[in-house]
Amino acid sequence: MRQPDNSGRGGRHISPYRVIRRPAAVAALLIGLVVAGAGLTGLALASQTGRPATPVSQASLAPIPQGKWAAVPPARVRAVARPVRLFIPAIGVRTRLVRLGLTATGALQVPPTTSVAGWYTGSPRPGEPGGAVIAGHIDSVAGPGVFFRLRLLRHGERVFVRQASGRLAVFRVTGVRSYLKSRFPTRAVYGPAPNAQLRLITCGGTFDVATGHYLSNTIVYASLVS
Amino acid sequence: MLHHVAYGTVSPYEQVPAGEYTVAMRGAGAAPTTKPVLSTTFNVARGAAYTVAGVGPNSGLRLQVIPDRVTAPKGRALVRVIQGSMHQERVTVRLNGKDLTSRLAFSHISGYVAVRPGTLRVRAAGATASCTRTVTLTAGSIHTLVVLDTSATALGVTDLMDAQGSKVDPVGGAQTGFGGTAPRPGAPVLPWVAAAVAGLLAAVGGGLLASRRRRPALHAR
């Protein structure tokens, strides 16, 4: 018995295409499997690199530092010792202060490690009239930095700066604000102020993976307690 | 509240909400309910700073509200003079040899002058007394020099810091983070999905073709 031929032309012959097409079909099968496998592997890897924000859990409370509180500076100009340590009991911050200058491009230098904060030496010393500037990292590439919980500070909470003389300048938080770096409030942060104030700076907002920088700065404003 | 404010005493700034205020001066030790010797009412604007001065001899003391500047021109310091000497009717104050104010009358205040920052020599001279001292003026700082009698025949200059800012304003924001705690979206998944789907289609198509071709060949044998 004869198989009916699809071509309807009668007579059975092996199409030259069939010889070529079979290995082609097998190749398509194999290559398809490889590509599909690669695609699925890539998909699995891509969905693994996503990461949720590290939760800002409750800080372990740091004790209020001991020492003689520095008086409100008299209006007469008098030397205030340079700052050496920073304590923010409400968010568990206890760090020494390094000295910060400017980078080659004129931007604020940042501490060399993420575990310490730094005082900008171009700003007034904390406790002197004017706004003293202290900056610290929110995080490293691996985890939280010294100012990770800075944004949690609330109005009225206290910030202590130990001066080289051993005295403590005690500040009270007056505001916590976030600004896009492209709209950084230079005047408010670095401009003249009539009384002794403090500005604590760290990063916040969205992290730009392309540049490796956050897009915003969180700034805490504080005034010396009288 | 300030107690026992003697001649030449200066208090630090007090932070108050903006609004209308009355400043009253009473004799030392007087009860707050007694009628003040002097009082003045003025409006405190948001973000502004003021000096309230009791000026004049004891017989003719008056309260003067002086607006203070709180911003300095870039890279400069601002200085002004308050002439508080009762024994020298007029005083000339020079800063590194340049007149800051000339023949300023008692209880008058000069305007602010922008100067190059540095440690500068101040000389205040009246008709019968003079004095010299140095002041350090940093960029972004605002000072008031008060000329006072240190005795009936001697002058002194008190350097008051009205306001101070950073010597140099850093450019832009601070790069204080490396993203280790930031939420991060995963890499784009669409290309991988497309590749997987295309691969599967190719495999299925290829598999179907291969199996369909094999069957007729078997039957033909």
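**A look at the interface of chain B and chain A**
Chain B puts 64 residues into the contact, and the matching count from chain A is 81 residues. Residue assignment for the side of chain B that touches chain A shows that the elements contributing at least two residues are strand E11 (141–151), strand E12 (154–164) and helix H1 (190–220) of chain B. Of the residues belonging to the side of chain B that touches chain A, the class tally is 34 nonpolar, 23 polar and seven charged.

**So, the environment of Trp 192 of chain B**
Assignment of secondary structure puts Trp 192 of chain B in helix H1. A tally of 20 C-beta atoms within 10 Å means that Trp 192 of chain B is categorised as buried. If we ignore the near neighbours within four places in the chain, the residues touching Trp 192 of chain B are Gly 39, Gly 42, Leu 43 and Ala 46 of chain A.

**Some remarks on the confidence of the model for chain A**
Residues and elements named next belong to chain A. Overall, the predicted model of chain A reaches an average pLDDT of 86, with 82% of residues at or above 70. Predicted confidence in chain A is weakest over helix H1 (residues 16–49), with a mean pLDDT of 78, and strongest over strand E3 (residues 117–120), with 98. Counting contacts from residues 4–8, a segment whose pLDDT is below 50, to residues more than four positions away or on other chains yields two contacts.

**Here we look at unusual backbone geometry**
Excluding glycine, a negative phi dihedral is what most residues carry, and trans is how most peptide bonds are arranged. Residues and elements named next belong to chain B. Of note in the backbone geometry, Asn 96 takes a positive phi value of approximately 50° without being a glycine. Mapping Asn 96 onto the fold places it in the loop between strand E6 (90–95) and strand E7 (98–105). In this structure Asn 96 comes out as partly exposed when scored by C-beta crowding, with 14 C-beta atoms within 10 Å. If you check the backbone angles, Ser 107 has positive phi at about 70° while not being a glycine. Of note, Ser 107 is situated in the loop between E7 and strand E8 (113–115). The partly exposed category is assigned to Ser 107, around which 17 C-beta atoms lie within 10 Å.

**Details of the confidence of the model for chain B**
Parts of the prediction with low pLDDT should not have their coordinates interpreted in detail. The pLDDT averaged across chain B works out to 87; a share of 95% of its residues lies at or above 70. This prediction of the complex comes with two scores: 0.74 for pTM and 0.71 for ipTM.

**Overview of the domain arrangement of chain A**
By a widely used convention, the size of an interface equals the accessible area lost when the partners come together. Splitting chain A by domain gives domain 1 (13–50) and domain 2 (83–224). If you average the C-alpha positions of domain 1 of chain A and of domain 2 of chain A, the two centres end up 57 Å apart.

**Quick look at the domain arrangement of chain B**
All names here are of chain B. Domain annotation for chain B reports domain 1 (1–68) and domain 2 (71–166). Once you take the C-alpha centre of each, domain 1 and domain 2 turn out to be 22 Å apart. On the side of domain 2, nine residues touch domain 1, which itself brings nine residues to the contact. When residues of the side of domain 1 that touches domain 2 are traced back to their parent elements, those giving at least two are strand E3 (49–55) and strand E4 (62–68).

Conventions used here
Here the residue numbering is sequential within each chain, running from 1 through the sequence in written order. Whichever chain is written first is A, and whichever ligand is written first is 1; the rest continue in order. Only residues with pLDDT of at least 70 are given local features in this predicted model, and only at 80 or more are side-chain atom pairs given and counted; all residues enter the totals for whole chains, interfaces and linings. The contact criterion used here is simple: two residues whose C-beta atoms, placed from the backbone, lie within 7 Å are in contact. Secondary structure counts use DSSP, requiring at least four H or I residues in a row for a helix and at least two E residues in a row for a strand, with both numbered from the N terminus. Ten residues, namely Ala, Val, Leu, Ile, Met, Phe, Trp, Tyr, Cys and Pro, are considered nonpolar, four, namely Asp, Glu, Lys and Arg, are considered charged, and the remaining ones, Gly among them, are considered polar. Burial in this document is a count-based property: other C-beta atoms within 10 Å of a residue's C-beta are tallied, and the residue is buried at 20 or more, exposed at 12 or fewer, or partly exposed in between, with C-beta positions derived from the backbone. Note: pLDDT gives the predictor's confidence per residue, expressed from 0 to 100. These domain limits were set by an automatic method or by a database of domain assignments.

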